[in-house]
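# Commentary on secondary and tertiary structure
Read off the chains here:
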Amino acid sequence: MRKESREYNYDWNLWTIVENASRAYDGFEKEYQHLLSLIPNFRGVLEAFVRHGEPGILFLKLLASYTRNCIQAYAEGRKIAASTFCFAAPILYAFDVQPLILEPWSVFGTVILQRGTGEFMDYCCELGFTETSCSSQRGALGAYLAGLGVDIDFIICDSPGICDTNANSFSFASAYLDIPFFQLNFPPTLTDERARRYHRQDFHSLIEFLEKQTGKKLDLSRLSQIIEHVKRQDELAIELMELQRLIPCPMPPIYDLFLYSGRFLMSGTSEYSELLEAMLAVTRKNSRLGIAGTTSTREKARGLFCYIDHYTTDVRFWDWLDSHEISHMGSILYNFWQADNPQAHSKEEQGYCIDDHSLEGMIDSLADQVSRMPMVKSIRGPYDAPGMWLDDTLGAASLLKTDFVVYIGTMGCRNTWGMVKPFTRDLERYGIPCLVLYADAFDDRIQSWEAITDRMDEFMKLRRIGAH
Amino acid sequence: MIENFKQVARSIFNEYVEAWKKSGKFVVGYPCTYVPEEIIHAAGLLPFRLRGIGISSLSVGDTYFGPVICSFPKCVLELAGNKKYSFLDGTVMSNGCDSMRRLDECWRKADKDIPGIRPGYFHYFGVPHKVTDYSLQWFEEEIQLFIKSIEEHFSISVTDQDLNNSIKLYNQGRRLLKQLDQIKIGEDCRITGEDALALVVANTAMPKETYIPILSGFLDNIETTCKIIPGRKRLMIVGSINDDLDFFKVIEDCGAVIVADSMCFGSRTHHDLVEETTDPVKALAKRYLNHAYCPRMFGYYKERLNFIKQKVVEARVDGVILQNIRFCDLHGSENGIFVRDLEAAGIACLKMEREYGPLVESGRVKMRIDAFLEKI
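We now turn to the structure provided with this report. (Residues numbered from 1 in each chain as written. Chains lettered and ligands numbered in written order. Predicted model: local features only at pLDDT ≥ 70, side-chain atom pairs only at ≥ 80, totals over all residues.)

On to the overall build of chain B. Scanning chain B for helices and strands turns up 18 helices and eight strands. Its C-alpha radius of gyration of 20 Å places chain B within 12% of the 21 Å reference for a compact globule of 376 residues. Its C-alpha atoms put chain B at 60 × 45 × 40 Å along the principal axes. Scored against the burial criterion, the 376 residues of chain B give a buried share of 53%. Partitioning the contacts of chain B with sequence separation of at least 6, the portion at a separation of at least 24 is 74%. (Helix = DSSP H or I, 4+ residues; strand = E, 2+ residues; numbered from the N terminus. Rg over C-alpha atoms; globule rule 2.2 N^0.38 Å. Buried ≥ 20, exposed ≤ 12 C-beta atoms within 10 Å, placed from the backbone. Contact = placed C-beta atoms within 7 Å.)

Counting secondary structure elements, chain A contains 19 helices and eight strands. Its C-alpha radius of gyration of 21 Å places chain A within 12% of the 23 Å reference for a compact globule of 468 residues. Principal-axis analysis of the C-alpha atoms places the extent of chain A at approximately 60 × 55 × 40 Å. Long-range contacts, defined here as pairs at least 24 residues apart, represent 74% of the contacts in chain A between residues at least 6 apart.

Our focus in this paragraph is the sheet that holds strand S2 (residues 46-49) of chain B. Strands pair in a sheet through their backbones, by hydrogen bonds, and they do so in one of two ways: parallel or antiparallel. All names here are of chain B. Ordered in space as S2-S1-S3-S4, the four strands form an open sheet in which the pairing is parallel. Where the open sheet ends on each side, the last strands, each with one partner, are S2 and strand S4 (121-125). Between one strand axis and the next, the sheet turns by 25 degrees as a mean value, whatever way the strands run. Of the strand pairs in this sheet, strand S3 (residues 90-94) and S4 are connected by five bridges, and their pairing is parallel. Paired with Thr-91 across the two strands is Phe-122, which belongs to S4. Where helix H8 (residues 133-154) meets the sheet, it contacts S3 and S4, and its direction lies at approximately 175 degrees from that of S4. (Pairing = 2+ DSSP bridges. Axes fitted to C-alpha atoms, helices over the stretch in contact; angles between N-to-C directions.)

All names here are of chain B. Packing of helix H1 (residues 2-9) against helix H10 (residues 193-203) leaves a shortest axis separation of 8 Å and a crossing angle of 60 degrees. Classified by the angle their axes make, H1 and H10 are oblique. Regarding H1 and H10, the two cross each other, and that crossing is left-handed. Note on element contacts: H10 touches H1 through Asp-195, Leu-197, Ala-198, Leu-199, Val-201 and Ala-202, opposite Ile-2, Phe-5, Lys-6, Val-8 and Ala-9. Across the contact of H1 with H10, the residue classes break down as nine nonpolar, no polar and two charged. (Parallel < 35°, antiparallel > 145°, perpendicular 65-115°, else oblique. Left-handed = near helix turned anticlockwise from the far one by under 90°. Nonpolar A, V, L, I, M, F, W, Y, C, P; charged D, E, K, R; others polar.)

Turning our eyes to something else, we now look at unusual backbone geometry. All names here are of chain A. Following Ile-247, the chain continues into Pro-248 via a peptide bond in cis, with omega recorded as -5 degrees. Here Pro-248 is to be found in the loop between helix H11 (220-244) and helix H12 (255-266). Non-glycine residue Asp-178 carries a positive phi angle of around 55 degrees. Structurally, the position occupied by Asp-178 is in the loop between helix H9 (164-177) and strand S4 (181-183). Despite not being glycine, Ser-346 has its phi angle at roughly 65 degrees, a positive value. Relative to the assigned elements, Ser-346 resides in the loop between strand S6 (326-331) and helix H15 (359-370). Assessed through the 6 C-beta atoms surrounding it within 10 Å, Ser-346 is described here as exposed.

Attention now goes to the sheet that holds S6(A). Residue and element names in this part refer to chain A. Pairing in this open sheet of four strands is parallel, and the strands run S6-S5-S7-S8 from one edge to the other. Since the sheet does not close on itself, it has two edges, and those belong to S6 and strand S8 (434-436), each with one partner. The mean inter-strand angle of the sheet, taken between neighbouring strand axes irrespective of direction, is 25 degrees. Bridging between strand S7 (residues 404-407) and S8 involves three bridges; their strand directions are parallel. Across the sheet, the residue bridging to Tyr-407 is Val-436, located in S8. Strands strand S5 (301-305), S6 and S7 of the sheet are contacted by helix H16 (residues 389-400), whose axis makes an angle of about 160 degrees with S5.

A few words on the packing of helix H5 (residues 71-81) of chain B against helix H7 (residues 103-113) of chain B. All names here are of chain B. Closest axis-to-axis distance for the H5/H7 pair is 10 Å, and the angle between their directions is 20 degrees. The orientation of H5 relative to H7 falls into the category roughly parallel. Of the two possible hands of crossing, H5 and H7 adopt the one that is right-handed. Contacts between H5 and H7 involve Pro-73, Val-76, Leu-77, Ala-80 and Gly-81 from the former and Leu-103, Cys-106, Trp-107 and Ala-110 from the latter.

Each side of the interface is counted separately: chain A has 40 residues, and chain B has 38 residues. Grouping the amino acids of the side of chain A that touches chain B by side-chain chemistry returns 19 nonpolar, 16 polar and five charged.

Residues and elements named next belong to chain A. Tracing the sequence through the fold places Ala-89 in the loop between strand S1 (80-83) and helix H5 (90-94). Considered as a pair, Ala-89 and Asp-256 are 167 residues apart in the sequence and their alpha carbons are 19 Å apart. Those residues within four positions of Ala-89 in sequence are excluded, and the remaining contacts are Pro-99, Ser-267 and Gly-268.

The next thing to look at is H1(B). All names here are of chain B. All buried positions along H1 are accounted for by Phe-5, Val-8 and Ala-9. Down the axis of H1, the buried side of the element spans an arc of 100 degrees, and every buried residue falls inside it. Residues of H1 that are buried in the fold lie against helix H2 (15-22), H10 and helix H13 (245-253). (Arc of directions from axis to C-beta.)

Right, dumping it as structure tokens:
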């Protein structure tokens with residue numbers, strides 16, 4: 001790692017950038033415009049959020065709040081748990097534990113920093129990681145393993161049974177740092193009684209682990225407040241998903257990122273509710289006007305990203321969609337499987353409900369919620385089994401009337417690379433044009449963003465998508 | 001006798017399987033050491049561990065698997081696609097790791113394009129990634145479902161007595177292989193790693209009733225039939241699956257002898273016995289789930305490190321080779337921390353990435369081993 005990369009802590013560095021960015025628009029427009037001329041390296045990413053108005057600014061404020069919470073956790077007497085995006089954070093907030101979600105931290109680095117997180121990814125390899133391990137964890141983890149971040153107290157991951165390479169990163173970190181490790185482990189099925197019993201027993205075991213690590217008992221009143229927010233956030237997200245079905249889709253493409261990032265980082269908090277409300281207000285307004293959420297207000301095509309999005313510098317992925325008048329119909333990260341969300345219609349058993357009448361009900365609800373998190377629900381079993389990835393993708397494609405499906409992942413994703421060829425072949429058989437990108441969503445060195453856009457442009461042209 | 005085992009290890013369809021099939025009995029493949037072979041055996045079937053040796057292209061494997069996947073399941077699928085596994089009447093799929101669990105879908109999809117390559121009995125067997133009372137309970141139920149599916153498909157009945165008999169027989173085989181391990185670690189090593197690997201691989205490709213007496217006879221006479229191997233550096237090998245005798249041969253031809261291992265075609269398979277005095281399903285569940293030496297069991301690093309350290313001491317190992325197949329992040333990354341912790345304990349290590357399948361990179365492997373042996 002270069003000496004200068006060790007000069008500032010990775011998390012502190014990103015926090016100061018995000019904190020300042022979140023305040024950039026608090027003054028007058030003229031001040032903001034002048035500021036842009038002073039920050040040539042950051043104006044692209046700042047503009048990418050600010051130009052979306054209140055939701056974009058609230059998203060920056062949410063990021064600032066989250067990163068600040070991570071930085072200040074020790075000073076405020078809170079423990080820090082490293083975890084993964086597909087773990088539902090509310091239970092950690094209920095214990096007053098600060099979740100340090102590695103993948104979003106990797107996204108912050110790749111999106112904001114001009115040179116991305118390549119050095120930290122490579123540093124993981126210097127310590128022993130395989131270079132083929134998932135970049136989504138390595139991007140941030142390298143910094144933490146190098147001591148360029150807050151100290152992690154313990155690790156919780158919920159990817160065993162879902163994604164080996166994800167679980168492996170956390171297990172590596174636990175062994176390397178010699179800190180406690182807890183895994184939620186998922187069986188290959190979702191809805192049968194055995195699976196449900198296992199989910200709940202495992203979640204109770206997690207609570208015991210958290211009690212041991214924090215020295216606290218689960219606080220019922222605190223949990224109730226968080227659950228109340230979660231319920232409200234679910235309602236807002238479901239309404240957004242309903243509106244997304246309209247043609248043209250009134251939701252701006254980047255709201256996809258806002259929705260899931262906010263949820264991964266601050267589910268159950270008031271900041272996330274506020275962000276969703278602002279997103280919904282804009283989307284409702286667009287729907288009333290009958291216009292698309294793109295900047296041009298037109299919709300040429302509707303794209304479903306069946307796995308994850310691409311996180312190149314300055315969030316250019318969503319800008320590319322916007323400039324091509326493509327509505328984002330979500331990804332695997334976007335659907336949290338609330339039982340009353342439109343994609344769970346007629347398969348409610350695959351979704352979760354929140355029961356806030358008793359402590360036991362709330363705990364079981366959280367267990368059900370975490371077992372339906374992105375990736376956890378859909379790729380735990382064979383991709384073509386009922387309720388798994390193919391079913392879910394076909395359901396989303398049909399409900400949202402998508403014109404095409406794109407697979408973007410990371411080079412570390414054994415789980416999906418193990419079957420993405422037959423998976424996309426099956427989708428094509430259902431008449432859905434599919435593109436598999438041999439790129440890495442977190443690492444432009446694998447395939448540059450420019451090469452990716454060439455491939456996507458070529459795909460759109462060859463398959464005559466949006467040509468009508 | 002060793003040559004006989006080597007022939008079995010170097011082929012997929014061997015004379016013992018042929019004889020078994022000729023007698024009208026069925027063969028069921030299994031992918032991983034977390035699948036209880038005793039159940040297949042108790043049903044009167046021959047458990048046969050899936051392997052991928054002897055392929056010369058990956059045209060089938062690469063059609064279904066993506067590019068960044070371990071070559072082992074690709075090689076297995078290649079063999080299946082080329083009808084080299086047509087002698088299987090069934091196979092079990094399992095979530096040993098993500099690459100291996102996707103063999104399930106890829107094999108099924110390939111069967112649609114190349115009809116008949118999928119055995120009639122095709123069962124998915126889930127294995128938890130941690131050991132707790134409730135994961136053990138779930139695993140017991142999974143074993144019960146496995147038994148039921150075999151009974152239904154093959155129209156047979158598996159009794160507790162059948163299971164107990166199989167457990168006893170398999171434990172007998174494990175004890176003999178542990179005895180082989182003791183011979184390997186002795187000061188006067190009488191068997192090369194290559195030969196020992198042949199014995200271990202044959203264990204997974206022959207009827208136990210035939211294998212055990214032959215192995216027992218070999219071990220009884222080893223002092224008279226095998227000479228002491230003098231003056232070689234003593235190595236331990238750790239990591240991803242290897243059933244390729246030539247890989248060990250390249251290492252040993254550099255002037256070393258492999259005296260210990262922590263591999264799934266190796267001591268991981270026979271290190272633990274199944275309890276013989278309790279309910280057989282519970283005993284199998286307990287043994288197979290506590291069999292925590294593969295990094296697929298997340299959070300058990302210290303146990304695995306201690307296992308290696310203990311073996312290094314017992315076998316008076318001069319150096320440890322930590323190898324992984326490319327894209328095997330589980331072994332590959334853990335090997336990285338093993339290097340840190342073993343080197344800190346004064347144990348010389350070599351970390352190496354390789355491909356499964358034909359040994360196309362023997363020159364590179366040889367050069368690295370030579371350098372390592374010079375270092376130690």
